[in-house]
Amino acid sequence: MPKSSVKRKTNLDHRNMFYWAVRIAMDSGMRIGSLKKLKWKHIDENAALPEEKKKEWCCIDVPPENTKTGIGYRCTAPIVKHLNNIRKFTKFKRPNDFVFTNQSTGKQWSSRIWEDYLMELLVEARLADWNLTTKQGQGNKRIIIHSGKTLTYYSFRHTYITFRLNAGVPLAIVASNCN
């Protein structure tokens, strides 16, 4: 396969994996720093659930972020389908591999990949437009968000909290799942 075709396929695989990363963030409440550090070994089935529920829900040992607390935690989330979809794209499925692995290098996704795909997602969702006066490497200045609000990965965590509370999940459980 020509080099440009390989790069195009890798980019498409990364875009698909990024979509599932957003879904995992919205369905688990994980912070972006923890999501970036997520490895396959951090995920296992919840033995307490009935077999039918195990097809949807799994346990996550959420890795600690580089924050003042630096505390990891365990939660259960309905992300099995998302993880199965990522497994279709990734070449890296060993326990110590990052879930979001650069398919060309085998290394953890760079901050640039996370940043670029978030901006592309916001533009494709018609929440933002490209700022034609800036260049790559200028972060969020590369897009203009229509609402004037700041939209970041943390917005997906807020989405999770809102969805769970609207679904009638007790506040204590939502708080526990968000650590």
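So, a few notes on the structure that sits alongside this text. All of these numbers come straight from a predicted model, not from anything done at the bench.

Remarks on the overall build of the chain
A tally of regular secondary structure across the chain gives 7 helices and 5 strands. What you see in the chain, going N to C, is helices and strands ordered as α-α-β-α-β-β-α-α-β-β-α-α. Here the C-alpha atoms of the chain give a radius of gyration of 17 Å, agreeing with the 16 Å that 2.2 N^0.38 yields for 179 residues. Summarising its shape, the C-alpha atoms of the chain cover approximately 50 × 45 × 30 Å along the three principal directions. Burial statistics for the chain: of 179 residues in total, 40% are counted as buried. Counting contacts in the chain only where the partners sit at least 6 residues apart, residues at least 24 apart contribute 55% of the total. For the chain, the exposed area adds up to about 10700 Å²; of that, 54% sits on carbon and sulfur atoms. With 31 positive and 15 negative side-chain charges, the chain shows a spacing of 5 Å between the two charge centroids.

Quick look at the pattern of salt bridges
For the structure shown, the criterion picks out 13 salt bridges. Put simply, Asp13 and Lys9 hold a salt bridge, and the shortest N to O gap is 2.8 Å. Here the residue Asp13 and the residue Lys9 both occupy positions in helix H1 (residues 3–28), the gap between them amounting to 4 residues, near one helical turn. The class for Asp13 is buried, based on a relative accessible area of 8%. The class for Lys9 is partly exposed, based on a relative accessible area of 45%.

Here we look at the pairing of strand S2 (residues 58–62)
Buried residues dominate S2, accounting for 4 of its 5 residues. Pairing geometry for strand S1 (residues 43–44) and S2, over 2 bridges, is antiparallel. Residue Asp44 lies in a different strand from S2, and its bridge partner there is Cys59.

Quick notes on the rules
Residues numbered from 1 in each chain as written. Predicted model: local features only at pLDDT ≥ 70, side-chain atom pairs only at ≥ 80, totals over all residues. Heavy atoms only, no water. Helix = DSSP H or I, 4+ residues; strand = E, 2+ residues; numbered from the N terminus. Rg over C-alpha atoms; globule rule 2.2 N^0.38 Å. Buried < 20%, exposed > 50% of the residue type's maximum accessible area, 1.4 Å probe, protein only. Contact = heavy atoms within 4.5 Å. Areas by Shrake-Rupley, 256 points an atom, 1.4 Å probe, with all protein chains shown as cover. Lys, Arg positive; Asp, Glu negative; His and termini not counted. Charge placed at Lys NZ, Arg CZ, Asp CG, Glu CD. Salt bridge = Lys/Arg side-chain N within 4 Å of Asp/Glu carboxyl O. Pairing = 2+ DSSP bridges.

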